[in-house]
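Close look at the chain arrangement
Residues per chain, in single letters:
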Amino acid sequence: MRRSYVRALSAVGLAAALVAVAGCQDAGSDTEAGGDGKCGGKIAIYGAFTGPNAGLVLPSLNGAKLAVKQHNEKNPNCKVELKEFDTTGDPTQATPVANQVAQDQSFTSVIGGHFSGETKATMATYEAAGLVMVSPSATAAELTTAGNKSFHRVVGNDATQGTAAVTYLNNVLKPTKVFVIDDGQPYGAGIIAEVKKGLGAKVVAEDKVQTEQTNFDATISKIKSSGADVIAYGGYTNEAAPLLKQARAAGITAKFLGFDGLYDPGFPAGAGAGAEGAIVTCPCLPATEAGGTFAADYEKEYGEAPGSYGAEGYDGAVVLLEGYAAGKSTRKELLEWVDAYDKPGVSKHVKFDANGDVDKSKVVIWAYEIKGGQIVPKEEIKLS
């Protein structure tokens, strides 16, 4: 479309258009960025905004939307557009989204992915396009070990969360025998690998489930045979909720510990009474612990307290928004901005190492408990 239009312009028309554009770019009084007069831009955000695991992601999406709204209200001449792409968390749906965004030069930064699998599937595409990625919740350790220069995350990785979970298991749940389960995906398998490494001989048996699986009789039989007094599960709500519900119905009373993939209202809702007392760890803050006026602003905007990764979604957006406000308008400039970012956020102080991980000294891990069908903060797990 653009090429045909340019060819159709007469020499006089083209010259006039170029003068008009130059005049517009020189009008620094119309922006808050100065310099070349450019300010604002377009961010793509992608993740599971619908589907069985959306409850884990929507608070983060809402946090990002809140940050953009506040930015645009404060900077009317430097507005940023946030374009949502729903992948349902599926890597096969995230891949065409990445191709579309990478090829559309109007996009200059990306928030996401929210799940590790979709992130792993799209990182190379965004890197090849020079698009910076800031993830609020993709935690698989492997995402920052392969040398990708575009990916950054504002949360601790699963090596850290796995270590914290082992500490909690040993010091609080005090198991003698642990049965571990994962869903075979990068996130679930990765964090269970960390738990197995930390628990050693306490892990007496293990199993894998499949995505979209609904009947767990075989796994339940293995749990019974193992004599485990604790179950550790790595994966998402869609499989964890029916598994736990069926396990309780089969008479299994072992304590249950999951990870941030289960910090989702759909988990206690789906597991019902069987979820009562279950523990969920997360490298995300309770709403009451977030800095500034974030929690109050979020509740005013959406009529409810922020859930999982709400504060982290806000921080991920702010990192980029401050770059736009500073006059960074190209993919290259925004990547450099994020690489050098070093400021306090509402979830933690945000600064990235050379691999894209947030400063490990600022990472916090919390244990949450299912009580009365709600996910409530229990305690921070102190990292040594």
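Described below are features of the structure shown in this document. (Residues numbered from 1 in each chain as written. Predicted model: local features only at pLDDT ≥ 70, side-chain atom pairs only at ≥ 80, totals over all residues. Heavy atoms only, no water.)

Some thoughts on the pattern of salt bridges
- One pass over the full model with this rule turns up 13 salt bridges.
- Between Asp 357 and Arg 153 there is a salt bridge, with its nearest N and O atoms 2.7 Å apart. Of the two residues, Asp 357 is situated in the loop between strand 12 (349-351) and strand 13 (365-371) and Arg 153 in strand 5 (residues 151-153); the sequence distance between them amounts to 204 residues.
- On the basis of relative accessibility, which here comes to 5%, the residue Asp 357 falls in the buried class. (Salt bridge = Lys/Arg side-chain N within 4 Å of Asp/Glu carboxyl O. Helix = DSSP H or I, 4+ residues; strand = E, 2+ residues; numbered from the N terminus. Buried < 20%, exposed > 50% of the residue type's maximum accessible area, 1.4 Å probe, protein only.)

Points about the sheet that holds strand 3 (residues 109-111)
- Ordered in space as 2-1-3-4-5, the five strands form an open sheet in which the pairing is parallel. Across the chains shown, the open sheet's two edge strands, defined by having one partner strand only, are strand 2 (80-86) and strand 5. Going from strand to strand, the sheet's axes swing by 25° on average, the running direction of each strand aside.
- Bridge analysis of strand 3 against strand 4 (residues 133-135) gives two bridges, and the strand direction is parallel. Bridge pairing links Val 110 to Met 133 in strand 4.
- In this fold helix 3 (residues 58-74) packs onto strand 1 (41-47), strand 2 and strand 3, with an angle of close to 165° to the strand it touches most, strand 2. (Pairing = 2+ DSSP bridges. Axes fitted to C-alpha atoms, helices over the stretch in contact; angles between N-to-C directions. Contact = heavy atoms within 4.5 Å.)

Some remarks on the sheet that holds strand 10 (residues 279-282)
- Sheet architecture is open: seven strands sit in the order 7-6-8-9-10-13-14, paired in mixed fashion. Sheet topology places strand 7 (203-208) and strand 14 (374-381) at the edges, where each strand pairs with a single neighbour. When the angles between neighbouring strand axes are averaged without regard to direction, this sheet yields 25°.
- As paired elements, strand 6 (residues 178-182) and strand 8 (residues 230-234) share five bridges and run parallel to each other. Bridging across to strand 8, Val 178 finds its partner in Val 230.
- Sitting on the sheet, helix 6 (residues 158-173) touches strand 8, strand 9 (255-258), strand 10, strand 13 and strand 14, and the angle it makes with strand 14 is about 90°.
- Across the face of the sheet, helix 8 (residues 217-226) comes into contact with strand 6, strand 7 and strand 8 while running at roughly 160° to strand 6.

Observations regarding helix 7 (residues 186-199)
- Taking 1.5 Å per residue, 14 residues should reach 20 Å; helix 7 reaches 20 Å between its end C-alpha atoms and fits that length.
- Within the sequence span of helix 7, burial applies to Pro 186, Tyr 187, Gly 188, Ile 191, Ile 192, Glu 194, Val 195 and Leu 199.
- As for helix 7, its buried residues are in contact with helix 5 (116-128), helix 6, strand 6, strand 7 and strand 8.
- Where helix 7 terminates, the next one or two residues include Gly 200, which has phi positive at roughly 60°. (Expected span 1.5 Å × (residues − 1).)

Structural notes on the packing of helix 3 against helix 11 (residues 294-302)
- At a minimum axis separation of 11 Å, helix 3 and helix 11 run at an interaxial angle of 95°. On the basis of their axis angle, the class for helix 3 and helix 11 is roughly perpendicular. Together, Leu 58, Pro 59, Asn 62, Gly 63, Lys 65, Leu 66, Lys 69 and Gln 70 of helix 3 and Phe 294, Asp 297, Tyr 298, Glu 301 and Tyr 302 of helix 11 make up the contact between the two elements.
- Taken together, the residues of the contact of helix 3 with helix 11 sort by class into six nonpolar, three polar and four charged. (Parallel < 35°, antiparallel > 145°, perpendicular 65-115°, else oblique. Nonpolar A, V, L, I, M, F, W, Y, C, P; charged D, E, K, R; others polar.)

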